[in-house]
Amino acid sequence: MDTSYSLYLHIPFCRHRCAYCDFNTYAGLEALIPAYAQALCREMAFLRQAAGERPPIHTLFLGGGTPSLLPITALETILQAAHTHFSWHAPLEITLEANPGTLDRDYLRAAYAVGVNRLSLGMQSAQPEELRFLERQHDFGDVIQAVEWARRAGFENLSLDLIYGLPEQSLARWEQSLSRALDLQPEHISLYALTLEHGTPLSHWVDRGLVPLPDADRAAEMYELACERLDKAGFEQYEISNWARPGHACRHNLQYWRNLPYLGLGAGAHGFAAGYRTVAVRASTAYIERLQNAGAPSVFPRTPATAEAIPVDRATEMSETLIMGLRLTQEGVSLQRFEQRFGQRLEEHYSAPIRRLRRAGLLEWHAEALRLTPRGRLLGNRVFMEFV
Amino acid sequence: MVYFPPLMNRERIRNFSIIAHIDHGKSTLADRLLQATGTISEREMTEQVLDSMDLEREKGVTIKASAVRMQYTHNDGQVYELNLIDTPGHVDFGYEVSRAMYACEGALLVVDASQGIEAQTLANLYMALEADLEIIPVINKIDLPAARPDEVAAEISDLLGTPPEEILRISAKSGENIAAVLQAVVERIPPPQGDPDAPLRALIFDSHYDAYKGVVAYVRVFDGAIAPNDMLQLMATQARLQPVEIGIFAPEMRPTDRLITGEVGYIATGLKSVGECRVGDTITLASRPAPQPLPGYRHPKPMVFAGVYPVDGEDYEDLRDALAKLQLNDASLVYEPETSQALNFGFRCGFLGLFHMEIIQERLEREYGLDIITTAPSVEYEVLLRNGEVVRIDSPAQLPDPAEIEEIREPWMKIQIFTPTEYYGVVMELVTGRRGVFIGQEYPTPNRVQLDFEMPLSELIVDFFDALKSRTRGYASLDYQFAEYRPDDLVRLDILVNKEPVDALATIVHRDDAYRKGQALVSKLKELIPRQLFAVPIQASVGSRVISRANIKALRKDVLAKCYGGDVTRKRKLLEKQKKGKKRMKAIGNVEIPQEAFLAVLRLRDE
Ligand SMILES: Nc1nc2c(ncn2[C@@H]2O[C@H](COP(=O)(O)OP(=O)(O)OP(=O)(O)O)[C@@H](O)[C@H]2O)c(=O)[nH]1
Ligand code: SF4
Ligand SMILES: [Mg+2]
């Protein structure tokens, strides 16, 4: 195999579901973790069998959910299995998503020792009342501690996630959270605008009038403020919601945005490989059962957990290459790479929407690539819509 | 197949309609009568079985009258043929009720025991008296906890002179006392008159279109008889036809071999256009024509006009076909092509009222799958020009240059509002606030007052009924008729979006109201038009003077959600959905305007 993949492993467990969260995760099912970890290892084995050889990978991402709920032994078993069933292309980026409330010194030390070299911490905010509102089960003190322990353990690649655009959040409160985050000197920062997801407690509160809708204009100001602050602090923005110190962009996520192949394992995980988008069964119990009962080998990129494998036709792949690639605020979608991949010129294939969006000041050509203008970054959906 | 004795003795035919204010239970009573006479089996029975259109079922409202024949064995041992016509109660369809009455000798006047007499109870009663019908009052819904049958009986007695104890009290829901209704129909309604030996005269009182049978005329035979092979002639249009089939409604169409004097049934004409077979015309025999047609009806005139445009210009032909098809079943719908600078090609449609308009709009969308934009309704104005010429316009965009106008006249209506006396004050205030003029009052029953006003129709069609209902907690009811055209100081209120006048948003208003309405409209539009990529000014102007303005701020941010590998498909679907929503809007210049905005005028509350 000459393609190198990114490998995503989903850990669908959390201690408590946050008020805004609609991820595939379950609170109160931690008892399933050992069986789940085993199932995950089995799935890796099946995938390797289906591929006929150890698929090469260059990044590995443990996402969730709260992967830091995995006991260290389970984490180790999983990484070992990944080593057994995939061929690792150094330097391998191995990220662990962690909830600051679940960490301690020993855990971080052990995690580093078993190979995790990038830590992504869900800080969200430095304001106690905001953390309470979001029903996060940690405070800012936990974040400070976690960062400290992580550094001591040897982590040199730390990322913090923050959320902005909360109902009635002021610019000043936001700026404070941002400053506190910068004080911790992370290598990477992700900033997410709070979005109301259907079916979450937060969206119920808003529907029932208990909580005002977040103000979109204010969120835009917060975003612009963050762009400025982070720029001054020496961060480079490389994606709509992501900033990094030079050389620390998340390689795993870049794979997604460049619309390159990745393997997704675990309950509800998505993959994109060999021309298919795959989705695994969502429920963790169903996932475990499937792998316990699995016997017959599958055809790559399927595994016994695969619920759906949807072929991606060329037109879809082109449009997805744009929808994802335009999120990359610096590199955008490269003309040359597009033509190499599809044998068609980007500016010809999409000439009408590109013309419209350039005229509207949302897209620009830069260094032989198409990318969003600063204004376009705030109006991404308007842009992407033109390419579906 | 023949299901009924082919030569029913005319003495044993009864033709009657069921009339009432909206929702008083006409269709439910019809259900019970159909059941009691065994016309419909228990298995086929549904609620309001005669409301067969999807929209009727969904709204629980009768839109179109329907006829049905029943066979009933009376306690004298004889079998009677009862022809029932269920009518709509909504004021927009009053003309349907009046047409139905001309096919009958009697009417069941249903009154809700909890509501008592309301505006269309009176309006329909007067029509029935005018048509010389035998009226059988029936108090319905006596099962309701809020029923007050004694009071309602007293109200009816005051009105009709029927002794209260003789007024039937029923529950159409539970079926209580339904037998008494059937007995009263046989005993009190006279059998039809007419001369079986005279040349055929059959009145077309309604019609619908059937893809196989063409226009199906609903007829009442006044003289003579019809056999399936007769060559027939329409007296007004002189069109000749050989029926595809004749029959009765049972309640589905059931062919018979004869319709005799006094009977109600249908003639499937095979004709492909309603123009040739008009409701109100008289059908006679081609070989032996009657010398005189029956007195016809006055055709309902559309009162309310609006532009109907396809959202997507490519659907224009489809829209035209759909309108033509709807008109086949509903001759009161009129339309002609219209162009708008803002909306391109569409149709100017005339409706009987706002409810009628709403129904046509929904049918176009649902039955024909069209995405349409309807402009704010307008009335028909008479414009006297300086050169002495009078032009009629039914769209504000057609208003000539003010310099050429001597005078603008608008239709005024006589309106009757029937309300509990406690709402006297609020009703007065509402009507006079809309340029209404008080004419007089009557107290048909002790706690209720009928207030008579005159009011411009243009004020009536903008949300008036809803305002009346909400201010009187639903107790007031309303009836109205055209009075006359009157001049007033009227001006056109133009709306400019992004500095461009949008003809489809213009309205004609009284000069004194221009400022207030302009402001209200501008702020409503600001609410309804989504933010665009650039700031959009909205202005209201009269002539060249801008009287109100607002600014829609440019859109700064749409969702900045995160997006990683797993979300691609979902994200894509979301984008597709958003894109569709955008497509449903009408792009005017660079501005995307949603359908609701064109109806904004209707949604202005009088604050
Ligand atoms: N409780 C009770 N409800 C009734 C009775 N008769 C009718 N209703 C209810 O009243 C509502 C209106 O009944 P319809 O039969 O549709 O009234 P309608 O007069 O045909 O209404 P339109 O055709 O819209 O004018 C329905 O919800 C019926 O179920 C009755 O005797 N008792
Ligand atoms: S920790 Fe993350 S995955 Fe878990 S509930 Fe909260 S937001 Fe969702
Ligand atoms: Mg009805």
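Residues numbered from 1 in each chain as written. Chains lettered and ligands numbered in written order. Predicted model: local features only at pLDDT ≥ 70, side-chain atom pairs only at ≥ 80, totals over all residues.

(A) Expanded view of the overall build of chain B. Tallying secondary structure elements over chain B gives 14 helices and 31 strands in all. If one aligns the C-alpha atoms of chain B with their principal axes, the spans along those axes are about 80 × 70 × 55 Å. The 607 residues of chain B split such that 48% are buried. Of the contacts made within chain B by residues no fewer than 6 positions apart, 70% connect residues no fewer than 24 positions apart. (Helix = DSSP H or I, 4+ residues; strand = E, 2+ residues; numbered from the N terminus. Buried ≥ 20, exposed ≤ 12 C-beta atoms within 10 Å, placed from the backbone. Contact = placed C-beta atoms within 7 Å.)

(B) Highlighting the overall build of chain A. Broken down by element type, chain A carries 16 helices and 17 strands. Expected size for 388 residues packed as a compact globule is a radius of gyration near 21 Å; at 21 Å, chain A falls within 12% of this value. Seen along its three principal axes, the alpha-carbon backbone of chain A occupies a region of about 55 × 55 × 45 Å. (Rg over C-alpha atoms; globule rule 2.2 N^0.38 Å.)

(C) Highlighting the interface of chain A and chain B. At the junction of the two partners, chain A supplies 32 residues and chain B supplies 21 residues. For the side of chain A that touches chain B, the secondary-structure elements that each account for two or more residues are β8 (188–193), α8 (216–232), α9 (251–257), β11 (262–265), β12 (270–273), α11 (314–325) and α16 (380–385) of chain A. The residue makeup of the side of chain A that touches chain B, split by class, is 20 nonpolar, seven polar and five charged. (Nonpolar A, V, L, I, M, F, W, Y, C, P; charged D, E, K, R; others polar.)

(D) Layout of the site of ligand 1. Residue and element names in this part refer to chain B. Around ligand 1, the structure places 21 residues, and the nearest of them are Gly25, Ser27, Thr28, Thr62 and Gly89. Among the elements that take part in the shell around ligand 1, helix α1 (residues 26–36) stands out by supplying three residues, more than any other. Residue composition of the shell around ligand 1, grouped by class: six nonpolar, 10 polar and five charged. (Near = placed C-beta within 6 Å.)

(E) Representation of the domain arrangement of chain A within the structure. Residues and elements named next belong to chain A. Domain boundaries assigned for chain A yield domain 1 (5–257) and domain 2 (314–385). Taking only C-alpha atoms, the centre of domain 1 and the centre of domain 2 are 28 Å apart. On the side of domain 2, nine residues touch domain 1, which itself brings eight residues to the contact. Within the residue set of the side of domain 1 that touches domain 2, elements represented by two or more residues are α8, β9 (236–239) and α9. Looking at the side of domain 1 that touches domain 2 element by element, the count peaks at three residues for β9. Class assignment of the residues belonging to the side of domain 1 that touches domain 2 gives a composition of six nonpolar, one polar and one charged. (Domains from an automatic or database assignment.)

(F) Spatial organisation of the sheet that holds strand β3 (residues 79–86) of chain B. Read across the sheet, six strands follow the order β2-β3-β1-β4-β5-β6 (chain B) without closing on themselves; strand pairing throughout is mixed. The open sheet is flanked by β2 (66–73) and β6 (168–169) of chain B, the only strands paired with a single partner. (Pairing = 2+ DSSP bridges.)

(G) Examining the sheet that holds strand β17 (residues 344–351) of chain B more closely. All names here are of chain B. In spatial order, the strands read β16-β17-β15-β18; together these four strands make up an open sheet with antiparallel pairing. The sheet is open, and its two edges are formed by β16 (334–340) and β18 (372–374), each paired on a single side. The average undirected angle you get between the axes of adjacent strands in this sheet is 30 degrees. In terms of strand pairing, strand β15 (residues 304–310) meets β17 through five bridges, oriented antiparallel. Its bridge partner lying in β17, Phe305 is registered against Gly350. (Axes fitted to C-alpha atoms, helices over the stretch in contact; angles between N-to-C directions.)

(H) Broad picture of the site of ligand 2. Near ligand 2 the following residues occur: Cys14, Arg17, Cys18, Cys21, Phe23, Thr25, Gly64, Gly65, Thr66, Asn99 and Gly122 of chain A. Of the residues that constitute the shell around ligand 2, the class distribution is four nonpolar, six polar and one charged.

(I) Seen up close, the environment of Leu194 of chain A. Residue and element names in this part refer to chain A. Structurally, Leu194 is set in the loop between β8 and α7 (201–207). A C-alpha to C-alpha distance of 6.0 Å links Leu194 and Tyr164, two positions 30 residues apart in sequence. Residues contacting Leu194, with those up to four places away along its chain left out, are Tyr20, Ile163, Gly165, Leu166 and Pro214.

(J) Layout of helix α8 (residues 354–366) of chain B. When the terminal C-alpha atoms of α8 of chain B are compared, their 18 Å separation across 13 residues agrees well with the 18 Å that a helix rising 1.5 Å per residue should span. For α8 of chain B, every residue scored as buried is listed here: Leu354, Phe355, His356, Met357, Ile359, Ile360, Gln361, Arg363 and Leu364 of chain B. (Expected span 1.5 Å × (residues − 1).)

(K) Inspection of the pairing of strand β23 (residues 448–456) of chain B at higher detail. All names here are of chain B. Bridge analysis of strand β21 (residues 405–420) against β23 gives nine bridges, and the strand direction is antiparallel. Counted as the bridge partner of Met413 is Met455 from β23. When strand β22 (residues 437–445) meets β23, the two strands line up antiparallel, connected through six bridges. For Phe438, the partnering residue across the bridge sits in β23 and is Phe453. Counted between consecutive antiparallel strands, the loop separating β22 from β23 contains two residues.

(L) Fine view of helix α6 (residues 171–183) of chain A. All names here are of chain A. Its 13 residues give α6 an end-to-end C-alpha distance of 18 Å, which sits within 8% of 18 Å, the value for a rise of 1.5 Å per residue. For α6, the set of buried residues is Trp174, Ser177, Leu178 and Ala181. With its buried residues spanning 95 degrees around the axis, α6 presents them on a single face. Turned more than 90 degrees away from the buried face of α6, the exposed residues are Ala172, Ser179 and Asp183. Buried residues along α6 sit against β6 (118–124), β7 (158–164), β8 and α8. A positive phi of about 50 degrees marks Gln185, the residue just after α6. (Arc of directions from axis to C-beta.)

(M) Expanded view of the domain arrangement of chain B. All names here are of chain B. One can read the domain layout of chain B as domain 1 (10–188), domain 2 (201–285), domain 3 (304–375), domain 4 (382–488) and domain 5 (493–606). Placing a centre on the C-alpha atoms of domain 1 and another on those of domain 4 gives a separation of 31 Å. Across the boundary between the two partners, domain 1 contributes 11 residues, which contact seven residues of domain 4. Mapped by element, the contributors of at least two residues to the side of domain 1 that touches domain 4 are α4 (119–130) and α5 (149–160).

(N) Quick look at the nonpolar core. If you look at the biggest cluster of nonpolar residues, it comprises 171 residues, and the most contacted ones within it are Ala107, Leu109, Ile139 and Val219 of chain B. For this core, the element with the highest residue contribution is strand β8 (residues 214–223) of chain B, accounting for seven residues. The contact partners of Val219 of chain B, leaving out residues within four places of it in the chain, are Ala202, Leu203, Ile204, Gly265, Tyr266, Ile267 and Ile283 of chain B. Membership of the second largest hydrophobic core comes to 113 residues, among which are Ala37, Met44 and Cys250 of chain A together with Tyr564 of chain B. (Core = buried A, V, L, I, M, F, W, Y, C linked by C-beta atoms within 7 Å.)

(O) View of the pairing of β15 of chain B. All names here are of chain B. Summarising burial for β15: seven of the seven residues are buried, a large majority. Across the two faces of β15 the burial is the same, with Val304, Ala306, Val308 and Pro310 and Phe305, Gly307 and Tyr309 all buried. Alignment of β15 against β18, held across three bridges, turns out to be antiparallel. Each residue of the ladder has a partner; that of Val308, found in β18, is Thr374.

(P) Structural detail: the environment of Glu81 of chain B. All names here are of chain B. By the secondary structure assignment, Glu81 is in strand β3. Given 22 C-beta atoms within 10 Å, Glu81 falls into the buried group. Distance in space between the C-alpha atoms of Glu81 and Met53 is 26 Å, their sequence separation being 28 residues.

(Q) A look at unusual backbone geometry. Residues Gly64 of chain A and Gly65 of chain A are joined by a peptide bond in cis, for which omega reads 15 degrees. Relative to the helices and strands, Gly65 of chain A resides in the loop between β4 (56–64) and α2 (72–85). Phi is positive for Glu168 of chain A, close to 65 degrees, though the residue is something other than glycine. When you line up the elements, Glu168 of chain A lands in the loop between β7 and α6. Positive phi values are uncommon outside glycine, yet Asp132 of chain B reaches one of about 70 degrees. Along the chain, Asp132 of chain B turns up in the loop between α4 and β5 (134–140).

(R) Molecular detail of the confidence of the model for chain B. Residue and element names in this part refer to chain B. The predicted model of chain B has a mean per-residue pLDDT of 90, with 97% of residues at 70 or higher. When pLDDT is averaged over each helix and strand of chain B, the minimum, 80, is found for strand β30 (residues 586–588) and the maximum, 98, for β6. Note that pLDDT drops below 50 for residues 1–6; the model gives that stretch nine contacts with residues more than four away or on any other chain. (pLDDT = per-residue confidence, 0-100.)

(S) The arrangement of the environment of Trp365 of chain A in detail. In this fold, Trp365 of chain A is placed in strand β16 (residues 363–366). Along the sequence, Trp365 of chain A and Gly332 of chain A sit 33 residues apart, while their C-alpha atoms lie 9.0 Å from each other.

(T) Focus on the packing of helix α3 (residues 105–113) of chain A against helix α5 (residues 140–153) of chain A. Residues and elements named next belong to chain A. Interhelical geometry of α3 versus α5 gives an angle of 40 degrees and a closest axis separation of 9 Å. One finds that α3 runs oblique with respect to α5. At the point where α3 passes α5, the crossing takes the right-handed sense. Contact residues: Arg105, Leu108, Arg109 and Tyr112 in α3; Trp149, Ala150 and Ala153 in α5. Classifying every residue of the contact of α3 with α5 by side-chain character gives five nonpolar, no polar and two charged. (Parallel < 35°, antiparallel > 145°, perpendicular 65-115°, else oblique. Left-handed = near helix turned anticlockwise from the far one by under 90°.)

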